[in-house]
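# Architecture at a glance
Residues per chain, in single letters:
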Amino acid sequence: IKAGVAMDDAVPNPVQGTLLSVCRDALVGLEKQRPFATLDVLLKAMHKSCQSELAKTPDQLIVDGVKVLEKAGVVDSGAQGFAYLAEGMYLASIGELPNVEPRLFHTATLTTSDDSPPISVDHTVCDSKYRYCTEAVVMLKEGVTPNVVFDRVQKAASQEGIGDSSVFVKGFDMVK
């Protein structure tokens, strides 16, 4: 729950009426309702808190003095996605997530465009000892290229024996 407040520190210029503020304020709202007897009670409260904060976004996101979401008649799409996520977690916790097979999150069958037999995939088995993901955004200084960042991260991970895979996305002045 405290992550909602800490999120502001991770973003250079947090803006009200966006995913960040909805997530933060919804989680701060949960803090005030503690303790929760069960997971489904917590998720129900989170779902309600997200819906409440999402409804505020049209009045909160102001660009050049204009309430841009209100003007467009919409809510923030990222915040809506977060609210859907909270709703899905709640519905799953009470067994009411529509159109979901019980083992959907554990197994899948992949079909190919040719006549090959379907491929069965089991997501419950993983050969990695690392069961989490860490993300970072590196703002590139003048003269530093994305390849320099890639090389240094890979070298440090190899020397320290941490992680077993890396994914990089480069932007104009940053690497994620």
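This text goes with the structure placed above it.
Now for a look at the structure at hand. Small disclaimer: the values here were computed from a predicted structure and weren't measured.

## Some remarks on the overall build of the protein chain
- Secondary structure summary: the protein chain contains six helices and six strands in total.
- The order of α-helices and β-strands along the protein chain, N terminus first, is α-α-α-β-β-α-α-β-β-β-α-β.
- A total of 176 residues make up the protein chain; the buried ones form 24% of that total.
- Contacts in the protein chain between residues at least 24 apart in sequence constitute 51% of all its contacts with a sequence separation of at least 6.
- When the accessible surface of the protein chain is totalled, it reaches about 12,900 Å², and 57% of it is carbon and sulfur.

## Some words on the nonpolar core
- One finds Leu30, Met46, Cys50 and Phe82 to be the most contacted residues of the largest nonpolar core, which totals 16 residues.
- It is helix α5 (residues 77-93) that contributes the most residues to this core, six residues altogether.
- Ignoring sequence-local partners within four residues, the contact set of Cys50 consists of Val22, Ala26, Phe82, Ala83 and Ala86.

## Details of the environment of Thr38
- Within the secondary structure, Thr38 is located in the loop between α2 (19-31) and α3 (39-60).
- Side chain to side chain, Thr38 and Asp40 meet in a polar contact 2.5 Å long.

## Some words on unusual backbone geometry
- Put simply, Arg34 and Pro35 share a cis peptide bond, and its omega is 0 degrees.
- Inspection of the secondary structure puts Pro35 in the loop between α2 and α3.
- Backbone geometry places Asp64, a non-glycine residue, at a positive phi of 55 degrees.
- Counting through the fold element by element, Asp64 comes out in the loop between β1 (62-63) and β2 (66-67).

## Details of the pattern of salt bridges
- In total, this model carries four salt bridges according to the counting rule given.
- Of the charged contacts in the structure, one is a salt bridge between Arg24 and Asp25, with a shortest N-O distance of 2.8 Å.
- Note that Glu53 and Lys56 form a salt bridge whose closest N and O atoms lie 3.1 Å from each other. Residue Glu53 and its partner Lys56 are both found in helix α3; the two are separated by three residues, about one turn of the helix.

## Observations concerning the packing of α2 against α5
- It is at 7 Å that the axes of α2 and α5 come closest, and there the two elements cross at 40 degrees. Accordingly, the angle class assigned to the pair α2 and α5 is oblique. Every residue of α5 that contacts α2 at Leu19, Val22 and Cys23 is listed here: Gly78, Ala79 and Phe82.
- Within the contact of α2 with α5, the residues separate by chemical class into five nonpolar, one polar and no charged.

## What to know about α5
- Helix length check: α5, at 17 residues, gives a terminal C-alpha distance of 24 Å against a target of 24 Å (1.5 Å per residue), a fit within 8%.
- Where α5 is concerned, the buried positions are Ala79, Gln80, Phe82, Ala83, Ala86, Gly88, Tyr90 and Leu91.
- For α5, the elements touching its buried residues are α2 and α3.
- Where α5 begins, the side chain of Asp76 points an oxygen toward the backbone nitrogen of Gly78, at a separation of 3.3 Å.
- Following α5 by one or two positions, Gly95 has its phi on the positive side, about 70 degrees.

Criteria and thresholds
- Residues numbered from 1 in each chain as written.
- Predicted model: local features only at pLDDT ≥ 70, side-chain atom pairs only at ≥ 80, totals over all residues.
- Heavy atoms only, no water.
- Helix = DSSP H or I, 4+ residues; strand = E, 2+ residues; numbered from the N terminus.
- Buried < 20%, exposed > 50% of the residue type's maximum accessible area, 1.4 Å probe, protein only.
- Contact = heavy atoms within 4.5 Å.
- Areas by Shrake-Rupley, 256 points an atom, 1.4 Å probe, with all protein chains shown as cover.
- Core = buried A, V, L, I, M, F, W, Y, C linked by side-chain atoms within 4.5 Å.
- Polar contact = N/O pair within 3.5 Å; in protein donor to acceptor, adjacent residues only side chain to side chain.
- Salt bridge = Lys/Arg side-chain N within 4 Å of Asp/Glu carboxyl O.
- Axes fitted to C-alpha atoms, helices over the stretch in contact; angles between N-to-C directions.
- Parallel < 35°, antiparallel > 145°, perpendicular 65-115°, else oblique.
- Nonpolar A, V, L, I, M, F, W, Y, C, P; charged D, E, K, R; others polar.
- Expected span 1.5 Å × (residues − 1).

All we've got here are geometric facts, nothing functional implied.
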